[in-house]
Amino acid sequence: MTDGVRAPDCVVLGGGSAGWIAACLLHQAFAGRGATVTLVENPEIGIIGVGEGSTPQLKAFFDRLGVDEAEWMAACDATFKLGIRFHGWSKRPGFSHYIHPFPSPVDLHTEPPYTRVCAAARRGAAVDFAHPDDWFLASRLALAGLSPHAADSFPFAPSHGYHFDAYKLGAYLRGWATSRGVRHVRAEVAAVECAGDERIGALVCADGTRLTADMFVDCSGFRSELMQKTLGEPFIAFDDNLFVDRAVVMATPPPGQATPLTEAIAMRAGWRWRIPLQSRCGNGYVYSSAFVSDDEAEHELRQALGMLSAGETRRLRMKVGRVRQSWRGNCLAVGLAQGFIEPLEATALHIVIHTVERFIAAWAPDAGPDRLRAFNEAVATRYDGIRDYIVAHYRLNQREGNFWRANASNHSLSEPLKQVITAWFTHADLRQRLAEIYGPHSAYSSASWHCLFAGYGTFPTRPQPVPHDMTMAGEALATVQTMLAACARNFGPLEAS
Ligand SMILES: Cc1cc2nc3c(=O)[nH]c(=O)nc-3n(C[C@H](O)[C@H](O)[C@H](O)COP(=O)(O)OP(=O)(O)OC[C@H]3O[C@@H](n4cnc5c(N)ncnc54)[C@H](O)[C@@H]3O)c2cc1C
């Protein structure tokens, strides 16, 4: 978008995390050129109030707004996150858990030898050195309980995300936005006026107020009032390969010693998260209603948390999939109104930020079909790439039980995911194949895919000759360990950060 292009007046429908993130970004991008942003929400409907884990994209978002990290973290009960630790998704000895770490510049030095060690293991060499936790700086720091912030003299700190209270995050962003001029309307949108097939004319509130704009941003949650209900945009369900559709959530007292990781623990018909905040621990069991009843799921969660008779739970339904187009006419769908891939990799707010930033970059008052097509394809590619990575967690599992066996034997995979799995088992160069399969918009890096396959201890069973330069796994690991130990000395304890 060039500075001379007229900026759009925007109305955002919805005051959940998606709505306020969108309002902040749109205001920052467009207000300087005279455009207004209005956010309308019905407090009586409320927000979904879950979504407590982020990717490093949330840090980039706050940096972009110029918000001080310590300030918003204190206001939102937030803690640091350096990755996700998966427990019990694999039954292979030595691989009962592994971390999917956030990237760091140090990976440039540790990932190539790790890839070679994995390549050797894929050909039948010993897998003893292929566990991902030994090779990445973020994992090392997380396991040692160290802060993601390094001494000033060490400019190679890993990217980090956060855990936070979703209600407090919304309130903080509301304060940021409204104090800078975003108009906040508390009202039910009772009707939507259309202006032709592809365009929304106005939102009509229950008291008769009409809200008009150049762009309408649908952040109305799973209701998707504008994009799906009004414009009739088709919804592409992911239920043929993502079976989970419900969640039960419950808070427990804060952990004594917090680890900067989201814990993702396999359960009978899904998995549960454990997210440490400053004043409590967030827990939730994400499950498939086809394999376990709501009452059984709640009992299972309570049992796992040792809270059989105490503590309140909340039950949620999830609609997993995405709209075919996120931008149609003068409507942009963001957040749950746009779609949802289950929370395993905590990517929902990541997609929210990605979508709004892309929209800002692509905006033009006369945006024609080509521009919209390019935008929608890029967003869909990102969405589906994330979906594939999450589906792979289920497809590669080796657990017992109906839910897990149904996942392991599910052949309803996307073509790109089939190609990635084939590449791994046929010894192909995974980095190269990922670039070929997903192009420049690949959602997950080669390192992430290596962590997943090798973290499960999933290697081809038919041995191949191991080239000599792949056989020095022990030496390579020792070198990397020395390097990571030296790097870790630049980081202080979590509590002090
Ligand atoms: C079980 C679960 C776990 C999750 N975990 C994560 C995670 O770890 N990380 C992550 O990034 N995301 C996660 N998410 C997703 C995350 O919760 C959402 O993406 C995020 O909260 C944004 O929600 P939203 O703003 O789109 O919708 P909501 O919070 O539902 O907000 C919808 C808004 O629309 C308003 N509204 C609707 N209709 C009307 C109307 N007619 N008039 C006026 N207002 C209206 C409501 O009042 C509300 O303000 C999770 C989701 C679920 C279900």
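Residues numbered from 1 in each chain as written. Predicted model: local features only at pLDDT ≥ 70, side-chain atom pairs only at ≥ 80, totals over all residues. Heavy atoms only, no water.

**Topic: the nonpolar core**
- Leu-26, Phe-30, Phe-61, Trp-72, Phe-359, Tyr-394 and Trp-449 are the most contacted members of the largest nonpolar core, which has 142 residues in total.
- Core analysis: the second largest hydrophobic core is formed by 18 residues, Leu-211, Ala-213, Leu-226 and Leu-231 among them. (Core = buried A, V, L, I, M, F, W, Y, C linked by side-chain atoms within 4.5 Å. Buried < 20%, exposed > 50% of the residue type's maximum accessible area, 1.4 Å probe, protein only.)

**Thoughts on the domain arrangement of the protein chain**
- Once the domains are mapped, the protein chain shows domain 1 (10-52 + 165-238 + 320-367), domain 2 (94-157 + 385-489) and domain 3 (246-317).
- One C-alpha centre belongs to domain 2, the other to domain 3; they are set 27 Å apart.
- Contacts between domain 2 and domain 3 engage nine residues on the former and 11 residues on the latter.
- A combined buried area of about 780 Å² lies between domain 2 and domain 3, and 74% of that area is made up of carbon and sulfur atoms.
- It is Ala-142, Phe-403 and Trp-404 in domain 2 that bury the most area against domain 3; as a group they hold 53% of the surface buried on that side. (Domains from an automatic or database assignment. Contact = heavy atoms within 4.5 Å. Buried area = accessible area lost by both parts, 1.4 Å probe.)

**Focus: helix H9 (residues 348-362)**
- Compared with the 21 Å implied by 1.5 Å per residue over 15 residues, the 21 Å span of H9 between its first and last C-alpha is a close match.
- Across the 15 residues of H9, 11 count as buried, placing the element largely inside the fold. (Helix = DSSP H or I, 4+ residues; strand = E, 2+ residues; numbered from the N terminus. Expected span 1.5 Å × (residues − 1).)

**Thoughts on the pattern of salt bridges**
- One pass over the structure, following the stated rule, counts 25 salt bridges.
- Here Lys-59 ties to Asp-63 by a salt bridge, and the two come within 2.8 Å at their closest N and O atoms. On the criterion of helical spacing, the pair formed by Lys-59 and Asp-63 is a turn pair, its members being four residues apart in helix H2 (residues 57-65).
- Relative accessible area serves as the criterion here: at 47%, Asp-63 is assigned to the partly exposed category.
- Across the salt bridge formed by Arg-387 and Asp-388, the nearest N and O atoms sit 3.1 Å from each other. Accessibility assignment for this pair places Arg-387 and Asp-388 in one class, buried.
- Through salt bridges with shared partners, one network takes in Glu-198, Glu-233, Arg-324 and Arg-328. (Salt bridge = Lys/Arg side-chain N within 4 Å of Asp/Glu carboxyl O.)

**Re the site of the ligand**
- Near the ligand lie 34 residues; those nearest to it are Gly-15, Asn-42, Val-50, Gly-53 and Val-189.
- In the model, an oxygen atom of the ligand is placed 2.8 Å from a nitrogen or oxygen of the Gly-15 main chain.
- At a separation of 2.9 Å, a nitrogen atom of the ligand approaches a polar backbone atom of Val-189.
- Expressed as a share of its isolated accessible area of 1000 Å², the protein-covered part of the ligand is 97%.
- Among the secondary structure elements, those contributing two or more residues to the shell around the ligand are helix H1 (17-30) and H9.
- Residues belonging to the shell around the ligand are distributed by class as follows: 18 nonpolar, 11 polar and five charged. (Near = heavy atom within 4 Å. Polar contact = N/O pair within 3.5 Å; in protein donor to acceptor, adjacent residues only side chain to side chain. Areas by Shrake-Rupley, 256 points an atom, 1.4 Å probe, with all protein chains shown as cover. Nonpolar A, V, L, I, M, F, W, Y, C, P; charged D, E, K, R; others polar.)

**Topic: the environment of Leu-396**
- For Leu-396, the position within the fold is in the loop between helix H10 (369-395) and helix H11 (402-408).
- Distance in space between the C-alpha atoms of Leu-396 and Lys-418 is 12 Å, their sequence separation being 22 residues.

**A closer look at the sheet that holds strand E16 (residues 270-276)**
- Pairing is mixed in the open sheet, where seven strands are placed in the order E5-E4-E15-E16-E17-E14-E18. Both edges of this open sheet fall to strand E5 (97-101) and strand E18 (313-317), since each of them pairs with a single strand only. Averaged over all adjacent pairs, the angle separating strand axes in this sheet is 20°, with direction ignored.
- Bridge count for strand E4 (residues 83-87) against E5 is five bridges, and the pairing is antiparallel. Of the residues in E5, the one forming a bridge with His-87 is His-97. (Pairing = 2+ DSSP bridges. Axes fitted to C-alpha atoms, helices over the stretch in contact; angles between N-to-C directions.)

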